[in-house]
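# Structural overview
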Amino acid sequence: INPEDAEDLFTSGVDVITSGNHIWKKTRIYTYLDDKEEIIRPANYPSSVPGKGYTIFETGVARVLVMNVLGTMFMDSLACPFETVDKILEREKGRYDISALDIHAEATAEKKALGYYLDGRVNAIFGTHTHVTTADEQILPKGSGYITDVGMCGPYHSVLGVEKEQSVAKFNGNIVGRYRESKEAGFISGIVFEL
């Protein structure tokens, strides 16, 4: 994401933007992450990197804690996401009414394990990164809402947003160069948690 796209989303009514491992691709976002609390990067990156891994915002009805962590299985080697969330919950205890967590991770098992680990302590737990909406939305035994992946927003007829022809060529062993974004019609995936 770049600052202009983030501002468009905020102007459209978005309260908080979470991110993942690609947050660092556009260097213009670095200063923006330090200046804008409503866009967060995974909290388990070292404190030396730009931005914060969580924020609390007021809705007028409740104070909402939104956290973001990156899974470590098949991803970057970072601090443990389980311990990272524990530390945030402890640090911010009493300062929020509702909590939500975006776990940006490759492995379904890691997302699911974190969901059960935080069940009853975080209200809404949702996964991102794998670009495909899962059909396992559920209320966990201790009351947390959970889904493994909320899906992607982007071109419908594509492979993770990339031109489908280019992706097919790549998997057939061809050299395809830099990925080209599909220009097909877009769509939005997501989930609504009612608390």
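Structural data are supplied above this passage.
Quick summary incoming for the structure in this document. All of these numbers come straight from a predicted model, not from anything done at the bench.

### Topic: the nonpolar core
Inside soluble globular proteins, nonpolar side chains tend to come together where they are buried. If you look at the biggest cluster of nonpolar residues, it comprises 18 residues, and the most contacted ones within it are Met-67, Leu-89, Leu-101 and Leu-118. Of all the secondary structure elements, the ones that give two or more residues to this core are β2 (63-70), α3 (81-91), β3 (98-104) and α4 (108-118). Beyond its immediate sequence surroundings of up to four residues, Leu-101 is in contact with Met-67, Asn-68, Val-69, Val-85, Leu-114, Leu-118, Val-122, Ala-124, Ile-125 and Phe-126.

### Let's talk about the environment of Ile-103
For Ile-103, the location among the structural elements is in strand β3. Residue Ile-103 is classed as buried on the basis of its relative accessible area, which comes to 0%. Considering only alpha carbons, one finds Ile-103 and Asn-2, 101 residues apart in sequence, at a separation of 21 Å. Not counting the four nearest positions on each side in its chain, Ile-103 is found in contact with Val-69, Gly-71, Glu-110, Lys-111, Leu-114, Phe-126, Gly-127 and Thr-128.

### Considering the packing of aromatic side chains
For any pair of aromatic rings, the description rests on two quantities: the centre-to-centre distance and the angle between the ring planes. Inspection of the entire model under this criterion finds five aromatic pairs. Plain terms: the ring middles of Trp-24 and Tyr-45 are 5.4 Å apart, the flat faces sit at 90° to each other, and that makes the pair edge-to-face. Of this pair, Trp-24 sits in the loop between α1 (3-11) and α2 (29-35) while Tyr-45 sits in the loop between α2 and β1 (54-58), and the two are 21 residues apart along the sequence. Accessibility expressed as a relative area gives 10% for Tyr-45, which makes it buried. The residue whose ring lies beneath Lys-52 is Tyr-54, and the NZ or CZ to ring-centre distance is 5.2 Å. Sitting above the plane of the Tyr-117 ring, Arg-121 keeps its charged end 4.9 Å from the centroid.

### Observations concerning the pattern of salt bridges
Throughout the structure, instances matching the rule amount to nine salt bridges. Lys-36 is the partner of Glu-7 in a salt bridge, and the nearest nitrogen-oxygen pair spans 3.5 Å. With Glu-7 in helix α1 and Lys-36 in the loop between α2 and β1, the pair connects residues that are 29 residues apart, well separated along the chain. On the accessibility criterion, Lys-36 (21% relative accessible area) is partly exposed.

Cut-offs and rules
- Residues numbered from 1 in each chain as written.
- Predicted model: local features only at pLDDT ≥ 70, side-chain atom pairs only at ≥ 80, totals over all residues.
- Heavy atoms only, no water.
- Core = buried A, V, L, I, M, F, W, Y, C linked by side-chain atoms within 4.5 Å.
- Buried < 20%, exposed > 50% of the residue type's maximum accessible area, 1.4 Å probe, protein only.
- Helix = DSSP H or I, 4+ residues; strand = E, 2+ residues; numbered from the N terminus.
- Contact = heavy atoms within 4.5 Å.
- Phe/Tyr/Trp six-rings, centres within 6.5 Å; stacked < 30°, edge-to-face > 60°.
- Lys NZ or Arg CZ within 6 Å of the ring centre and 35° of its normal.
- Salt bridge = Lys/Arg side-chain N within 4 Å of Asp/Glu carboxyl O.

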